[in-house]
Amino acid sequence: VNTAGIVLEVPDLATETFRVRPWRSADAPSLARAWQDEAIIAGSVPPPDRTKAAARRWIEGCDGRRLAGVAFDLVIAAADDDHVLGEVGFSRFDNERRAALTGWWVHEEARGVGVASAAVALVVDWALNDGALDHVLAEIREGHGASESVARAAGFLPLAPGVWRRSR
Ligand SMILES: CC(C)(COP(=O)(O)OP(=O)(O)OC[C@H]1O[C@@H](n2cnc3c(N)ncnc32)[C@H](O)[C@@H]1OP(=O)(O)O)[C@@H](O)C(=O)NCCC(=O)NCCS
């Protein structure tokens with residue numbers, strides 16, 4: 001069984017309002033702020049050290065994690081000034097099933113205008129259509145209406161309680 005990770009290339013994806021790009025060190029304060037947001041913490045697994053220095057180190061490790069097939073995290077960046085609106089990422093790559101888990105968050109001030117729905121759809125469309133993955137899973141706490149709507153808008157279907165899936 002080949003359990004090695006899946007290495008995704010960095011895609012070039014954009015809409016009129018945002019583009020998708022790798023994390024860079026200047027984003028560390030924005031990432032550290034996301035790690036302090038109760039709603040974001042509740043929907044993901046932030047690291048124990050949530051300082052700006054830790055965010056900078058996490059960002060420095062991003063490309064290594066991508067190349068090791070461990071995780072791939074991308075910034076949803078504003079089209080006008082490139083600031084961080086949110087994140088879409090992949091983890092738990094399963095080379096045998098050609099599957100991965102996806103997760104996302106959007107900064108509070110950027111919510112409610114369709115950023116998450118559009119970005120998750122764009123990135124997951126790319127990962128499936130590009131042939132990199134056959135299945136993308138999402139874990140969403142039951143009753144988390146906004147994230148369930150994001151998943152539905154991005155073409156995911158409920159698979160089991162709290163688990164959504166979209167396949168190629
Ligand atoms: C969930 C989250 C990513 C949504 O981001 P967003 O950019 O505001 O989402 P969108 O604007 O694309 O809206 C998505 C849908 O949620 C709906 N929505 C927004 N707030 C909602 C709420 N509090 N309750 C229910 N639905 C809500 C919107 O109406 C929209 O539904 P529609 O497409 O049927 O109209 C954002 O709220 C967030 O980051 N939350 C904290 C982190 C988190 O929970 N991450 C997900 C873990 S799986």
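First, a word on what this report is: a plain description of the structure on this page. A quick note: this is a predicted structure, and the numbers were derived from the prediction, not measured.

**Observations regarding the pattern of salt bridges**
By the definition in use, this model includes 12 salt bridges. Two residues, D82 and R21, come together in a salt bridge whose shortest N-O distance is 3.2 Å. Here D82, found in the loop between β3 (71-78) and β4 (84-94), pairs with R21, found in strand β2 (residues 18-22); they are 61 residues apart in sequence, far enough to count as distant. R21 matches D82 in its accessibility class, with the two residues each being buried. Each of R19, R21, R24, D27 and D82 takes part in one network of salt bridges that share partners.

**Let's talk about the side chain of D27**
Among the secondary structure elements, D27 is positioned in the loop between β2 and α1 (28-34). Classification of D27 as buried rests on a relative accessible area of 7%. Each residue touching D27, except ones within four places of it in the same chain, is listed here: R21, P22, I59, V75 and V84.

About the criteria used
Residues numbered from 1 in each chain as written. Predicted model: local features only at pLDDT ≥ 70, side-chain atom pairs only at ≥ 80, totals over all residues. Heavy atoms only, no water. Salt bridge = Lys/Arg side-chain N within 4 Å of Asp/Glu carboxyl O. Helix = DSSP H or I, 4+ residues; strand = E, 2+ residues; numbered from the N terminus. Buried < 20%, exposed > 50% of the residue type's maximum accessible area, 1.4 Å probe, protein only. Contact = heavy atoms within 4.5 Å.

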